[in-house]
Amino acid sequence: MSTSDFPVFDCNAALGRRHNRRVAYDRPDDVVRFLAAAGISKALVYHPYAVPFGTMEGNRFLLDAVAGHPELVPQFVVSFAVDDPDEVRAAAEAAGVRTLRVFPKSHGYPFVDWIAGPWLEWMARERMALWVPLGRNPEVDIRDLYETARRHPDVPVVLAGAHYSNYAAVWPLLKALDHIHLDLSRFDAANGIERLERHVGLDRLLFGSDFPEVDPKPYLHYLRHCGLEENGLRAICRDNLERLIAGERAV
Amino acid sequence: MIIDFHAHVGSMDSIGARLTADAMLHAMDAAGVDRCCVFNIFHADAAFGNDLTARFVAAHPDRFIGFAFVTPHYPEEMEGELARVFDHLGLQGIKIYPPYFDRTVEDAIWEPVFAFAHARKVPLISHSDGRDPLVNPNHGEPQMFVRWAEKYPDARIVLGHAGNFRSGRLSSIAAARRCANIFIEICTSWREIGSIEELVSGAGADRLLFGSDLPLMDPRIHKGRVLTAAIPETAKAQILGGNAARLLGLAA
């Protein structure tokens, strides 16, 4: 079974220049070409400018960059603390954006219900999904994430870039809340896919690359050698993300 | 033969690093790994950890190769413990982990370990890291190993993680180019684009070793980094096992 047998949809990639360093691939044509060569036909992308500087400005840069590239699916970065919900709603609807990514720590606010709640209520009505970065410098306190996500079970949450430093919290969190999903881009644990399948099944696992920080090819090689049935591999590499974007819950 | 040069036995639960021998064998089999070098670096009583390693290896001697560990907090035990495990337990290499201690690898307290590796002509693998504000003070910057490599040319010094991120990788390459007895082990959670190609072109495929950091990381991922790299097939074979077999005195 090869991932080249069907399209792979990457749930975690960035597109655009960074202010603090140069990355190998920051132009849409180059990104599409590199990902295609790696076996990835479509990628959900956000703009790195939107993280340290301007969310809506970065989102506009993103829309400009993905124009004419149907392989690049835009994801908006928002600050639940300072962005205007009406402005975000209008821009998301106009661009067909179905997922949001938040950086509470970088944007200086706690991920708590009295800040995030109104946004999540809107996202639930629109059947949108939320990406929350973890990794070496997690963007949320796990207790805040649990308490807030628990109050909004109709908003799927994707833990982006979960890394071994997050493992102790990620395993029980996946078990505790069935609308928590896991981007696999940094999930390197030995036998990790087999253990996750036993732990929570495959329907909440999403292939992600963390491109251009990480080379996506080795992880796709790994997934092809996990003994997964075709349906399982398709679910991780494409179908689970397609379902989230379509506003459907895990089956 | 595919040889994983970097794996742990024992528990580090805070980062999910705990697997039984059967689970480690599952990961190895899934990756097509024939042999795996293992060490236990978690016990302040190094002898206790080394005994655990020896027992772990004894249960599967055709699959695991044991490495010794010593702690600089008990320098008076270092040489005797190394002699004990090499002469009586059959361990075949040494692992040190400077970040666990308030001792950079430049510290003279490590000298007996490098001297032992030189005298016995055995491999010594150490954690290595590039310079990074998050890793301060840096206890295993690759250039720090040059002093020992030059003083003890028969020690086969292996830089675990290839310095981890790019600055460390470039420093690892420079160290390997300077010292013929410095080798580079590739596993890292950074997994940057082009990292294997850069190591091959910089240090040479004959100086690189495949490793996984099992059970922290899956060997299929790091084998995948080698197999999907734009390097010659001969280089892949060297990295995945040929070089390690040479260092360990095994038939490739």
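Please refer to the structure placed before this passage.
The structure displayed is predicted, hence computed values, not measured ones.

J.: Can you walk me through the overall build of chain A in this structure?
T.: Each helix and strand in chain A was counted, giving nine helices and nine strands. Its C-alpha atoms give chain A a radius of gyration of 17 Å, near enough to 18 Å, the size a compact globule of 251 residues would have. In terms of its C-alpha atoms, chain A occupies a principal-axis envelope of roughly 45 × 40 × 30 Å. Looking at chain A residue by residue over its 251 residues, the buried ones come to 59%.

J.: How should I be thinking about the nonpolar core in this particular structure?
T.: Looking at soluble globular proteins, one finds that nonpolar side chains tend to be buried together. Counting residues in each nonpolar core, the largest one holds 87 residues, and the members touching the most others are Phe-5, Ile-94, Phe-114 and Ile-182 of chain B. Those residues in contact with Ile-182 of chain B that sit more than four places away from it in its chain are Phe-145, Val-146, Ala-149, Ile-157, Leu-159, Ala-175, Ala-176 and Arg-207 of chain B. In terms of nonpolar packing, the next biggest core, distinct from the first, is built from 72 residues, Leu-15, Leu-72 and Phe-76 of chain A together with Ile-221 of chain B among them.

J.: Before we go on, may I ask you to explain the interface of chain B and chain A in this structure?
T.: Quite often, the size of an interface is put as the accessible area lost when its parts meet. The interface is formed by 25 residues belonging to chain B together with 31 residues belonging to chain A. When chain B packs against chain A, close to 2,300 Å² is buried across both sides, 56% of that on carbon and sulfur atoms. Of all residues in chain B, Arg-191, Ile-193 and Arg-220 of chain B give up the largest surface area on contact with chain A, accounting jointly for 31% of the area buried on that side. Among the ionic pairs, Glu-194 of chain A bridges to Arg-220 of chain B, the shortest N-O distance being 2.8 Å. Counting the contacts that link chain B with chain A gives 14 residue pairs in polar contact (both at pLDDT 80 or more). Broken down by secondary-structure element, the contributors of at least two residues to the side of chain B that touches chain A are α1 (21-31) and α8 (219-227) of chain B. Per element, the largest residue contribution to the side of chain B that touches chain A is five residues, and it comes from α8 of chain B. The class makeup of the residues in the side of chain B that touches chain A is 14 nonpolar, six polar and five charged.

J.: Would you mind showing me how to read the sheet that holds strand β3 (residues 72-74) of chain A here?
T.: All names here are of chain A. Taking strand neighbours across the sheet as the criterion, the three strands line up as β1-β2-β3 in an open arrangement whose pairing is parallel. Each edge of the open sheet is held by one strand with a lone partner, namely β1 (9-14) and β3. Pairs of neighbouring strands in the sheet enclose a mean axial angle of 35°, with direction left out of account. Summarising the sheet, strand β2 (residues 42-46) and β3 pair through three bridges and their orientation is parallel. If you follow Leu-44 over to β3, its bridge partner there is Val-73.

J.: Please explain the pattern of salt bridges as it appears in this structure.
T.: Pairs can form between side chains of opposite charge once their charged atoms are near each other. All names here are of chain B. The tally for this structure, following the rule as stated, stands at 27 salt bridges over all chains. Taking the shortest distance from any N to any O, the salt bridge between Glu-233 and Lys-236 comes out at 3.1 Å. Of the two residues, Glu-233 and Lys-236 both sit in helix α9 (residues 233-248), three residues apart, roughly one turn of that helix. Each of Arg-166, Arg-169, Glu-192 and Glu-198 takes part in a single network of salt bridges with overlapping partners.

J.: Help me understand the environment of Gly-68 of chain A, please; the structure alone is not making it clear to me.
T.: Along the chain, Gly-68 of chain A falls in the loop between α2 (55-66) and β3. Gly-68 of chain A sits 64 residues away from Val-132 of chain A along the chain, and the two C-alpha atoms are 28 Å apart.

J.: Is there a simple way to explain the packing of helix α3 (residues 85-95) of chain A against helix α4 (residues 113-126) of chain A in this structure?
T.: Between two packed helices, what matters for the description is the angle formed by their axes and the separation of those axes. Residues and elements named next belong to chain A. In the contact formed by α3 and α4, the axes pass within 12 Å of each other and the chain directions differ by 25°. In terms of their interaxial angle, α3 and α4 are classed as roughly parallel. The crossing of α3 and α4 is right-handed. Side by side, α3 and α4 meet where Pro-85, Val-88, Arg-89 and Glu-93 of the first sit next to Trp-119, Trp-122 and Glu-126 of the second. Broken down by class, the residue content of the contact of α3 with α4 amounts to four nonpolar, no polar and three charged.

J.: What is the right way to look at the pairing of strand β7 (residues 157-160) of chain A in this model?
T.: Residues and elements named next belong to chain A. Of the two faces of β7, the one lined by Val-157 and Leu-159 and the one lined by Val-158 and Ala-160 are each fully buried. Pairing geometry for strand β6 (residues 129-133) and β7, over four bridges, is parallel. When the sheet's bridge partners are listed, Val-132 is paired in β7 with Leu-159. Relative to strand β8 (residues 180-183), β7 runs parallel, the two sharing three bridges. Paired with Val-158 across the bridge in β8 is His-181. Viewed along the sheet, the connection from β7 through helix α6 (residues 167-176) into β8 turns out right-handed.

J.: Sorry if this is basic, but what is going on with unusual backbone geometry here?
T.: The phi torsion of most residues other than glycine is negative, and most of the peptide bonds are trans. Looking along the chain, the bond that leaves Phe-211 of chain A and enters Pro-212 of chain A is cis, with omega of 5°. Relative to the assigned elements, Pro-212 of chain A resides in the loop between β9 (205-206) and α8 (217-224). The amide bond that connects Leu-214 of chain B to the next residue, Pro-215 of chain B, takes the cis arrangement and shows omega of 0°. The topology assignment puts Pro-215 of chain B in the loop between β8 (208-209) and α8. If you check the backbone angles, Asp-210 of chain A has positive phi at about 60° while not being a glycine. Along the chain, Asp-210 of chain A turns up in the loop between β9 and α8. You can call Asp-210 of chain A buried: its relative accessible area is 15%. The backbone phi angle of Lys-121 of chain B is positive, close to 55°, even though this residue is not glycine. Here Lys-121 of chain B is to be found in the loop between α4 (111-120) and β5 (123-127).

J.: Can you walk me through the pairing of strand β2 (residues 35-39) of chain B in this structure?
T.: A regular strand carries its side chains on alternate faces of the sheet. Residues and elements named next belong to chain B. For β2, the tally of buried residues reaches five of five residues, placing the bulk of the element in the interior. Of the two faces of β2, the one lined by Arg-35, Cys-37 and Phe-39 and the one lined by Cys-36 and Val-38 are each fully buried. Bridge count for β2 against strand β3 (residues 64-69) is three bridges, and the pairing is parallel. Bridging from a neighbouring strand, Cys-36 pairs with Phe-64 of β3. Between β2 and its parallel partner β3, the chain crosses via helix α2 (residues 46-59), and the hand of that crossover is right-handed.

What counts, and at which threshold
- Residues numbered from 1 in each chain as written.
- Chains lettered and ligands numbered in written order.
- Predicted model: local features only at pLDDT ≥ 70, side-chain atom pairs only at ≥ 80, totals over all residues.
- Heavy atoms only, no water.
- Helix = DSSP H or I, 4+ residues; strand = E, 2+ residues; numbered from the N terminus.
- Rg over C-alpha atoms; globule rule 2.2 N^0.38 Å.
- Buried < 20%, exposed > 50% of the residue type's maximum accessible area, 1.4 Å probe, protein only.
- Core = buried A, V, L, I, M, F, W, Y, C linked by side-chain atoms within 4.5 Å.
- Contact = heavy atoms within 4.5 Å.
- Buried area = accessible area lost by both parts, 1.4 Å probe.
- Salt bridge = Lys/Arg side-chain N within 4 Å of Asp/Glu carboxyl O.
- Polar contact = N/O pair within 3.5 Å; in protein donor to acceptor, adjacent residues only side chain to side chain.
- Nonpolar A, V, L, I, M, F, W, Y, C, P; charged D, E, K, R; others polar.
- Pairing = 2+ DSSP bridges.
- Axes fitted to C-alpha atoms, helices over the stretch in contact; angles between N-to-C directions.
- Parallel < 35°, antiparallel > 145°, perpendicular 65-115°, else oblique.
- Left-handed = near helix turned anticlockwise from the far one by under 90°.
- Right-handed = clockwise from strand over helix to strand, strands pointing away.

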